[in-house]
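# Coordinate analysis (summary)
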Amino acid sequence: MREINDDRPRPLKALSGLPASVRRPLVAVMGGTLIVAGLAAVVLPGPWTIPPILAGLALLATEYMWARRWQRRVQDRARAVKEAVNSRRKASSGDR
C-alpha cells in the first residue's frame, strides 16, 4: 500500500497530532461509519443520503490512496452530470 505525502492539508486538525498507527484506523472507522450510515439512509426514510457517503469518502481520502481515487472519480462524474444538466437547461431555454 502506498503512503500519501504528509504535506497535504488535513481537515481534522485534532487527529493530525496522532501517530499514524492510531490515526489511520481511527479515520477508517469514522469514514466507514459515515459511508455505512449514508448507505443505510438510501433504504431508510430520511433526506440525508448522499452527503454522509461523500463525507466518509472525503475523510478516508485523507489517509488512503484508494479512497482518493474514488473521490476523484465521483468528482469527475459529478462535474459531467452538472455540465449535462447545464447544457440541457441552455438548450431548453433557447427553445422558448
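Residues numbered from 1 in each chain as written. Predicted model: local features only at pLDDT ≥ 70, side-chain atom pairs only at ≥ 80, totals over all residues. Heavy atoms only, no water.

## Brief notes about the overall build of the protein chain
- What the protein chain contains, in helices and strands, is 4 helices and 0 strands.
- For the protein chain, the N- to C-terminal ordering of α and β elements is α-α-α-α.
- Put simply, 46% of the contacts in the protein chain that link residues at least 6 apart link residues at least 24 apart.
- Summed over its atoms, the accessible surface of the protein chain is roughly 7300 Å², and 62% of this surface lies on carbon and sulfur atoms. (Helix = DSSP H or I, 4+ residues; strand = E, 2+ residues; numbered from the N terminus. Contact = heavy atoms within 4.5 Å. Areas by Shrake-Rupley, 256 points an atom, 1.4 Å probe, with all protein chains shown as cover.)

## So, the confidence of the model for the protein chain
- Considering every residue of the protein chain, the mean pLDDT works out to 83; 84% of them sit at 70 or more.
- When the elements of the protein chain are averaged for pLDDT, helix 1 (residues 13-16) gives the smallest value, 74, and helix 2 (residues 20-43) the largest, 91. (pLDDT = per-residue confidence, 0-100.)

## Some words on the packing of helix 2 against helix 3 (residues 50-61)
- Interaxial distance between helix 2 and helix 3 falls to 7 Å at its minimum, and their mutual angle equals 160 degrees. Between helix 2 and helix 3, the angle falls in the class roughly antiparallel. Our pair here, helix 2 against helix 3, has a crossing hand that is left-handed. Across the interface between the two elements, Val 27, Ala 28, Met 30, Gly 31, Gly 32, Leu 34, Ile 35, Gly 38 and Leu 39 from helix 2 touch Pro 52, Ile 53, Ala 55, Gly 56, Leu 57, Leu 59 and Leu 60 from helix 3.
- Tallied by class, residues from the contact of helix 2 with helix 3 come to 12 nonpolar, 4 polar and no charged. (Axes fitted to C-alpha atoms, helices over the stretch in contact; angles between N-to-C directions. Parallel < 35°, antiparallel > 145°, perpendicular 65-115°, else oblique. Left-handed = near helix turned anticlockwise from the far one by under 90°. Nonpolar A, V, L, I, M, F, W, Y, C, P; charged D, E, K, R; others polar.)

## Remarks on the nonpolar core
- One finds Leu 15, Val 27, Leu 57, Leu 59, Leu 60, Ala 61, Tyr 64 and Ala 67 forming the largest nonpolar core, which totals 8 residues.
- Here this core gets 4 residues from one element, more than from any other, and that element is helix 3.
- If sequence neighbours within four positions are ignored, Leu 15 has contacts with Arg 23, Leu 26, Val 27 and Met 30. (Core = buried A, V, L, I, M, F, W, Y, C linked by side-chain atoms within 4.5 Å. Buried < 20%, exposed > 50% of the residue type's maximum accessible area, 1.4 Å probe, protein only.)

## Observations concerning a nonpolar patch on the surface
- Together, Leu 39, Val 42, Val 43 and Leu 44 line one region of the surface with nonpolar side chains, adding up to about 410 Å² of accessible area.
- Tracing the backbone through its elements, the reader meets Leu 44 in the loop between helix 2 and helix 3. (Patch = residues over 30% accessible without salt bridge, like charges linked within 9 Å, V, L, I, M, F, W, Y side chains within 5 Å. Salt bridge = Lys/Arg side-chain N within 4 Å of Asp/Glu carboxyl O.)

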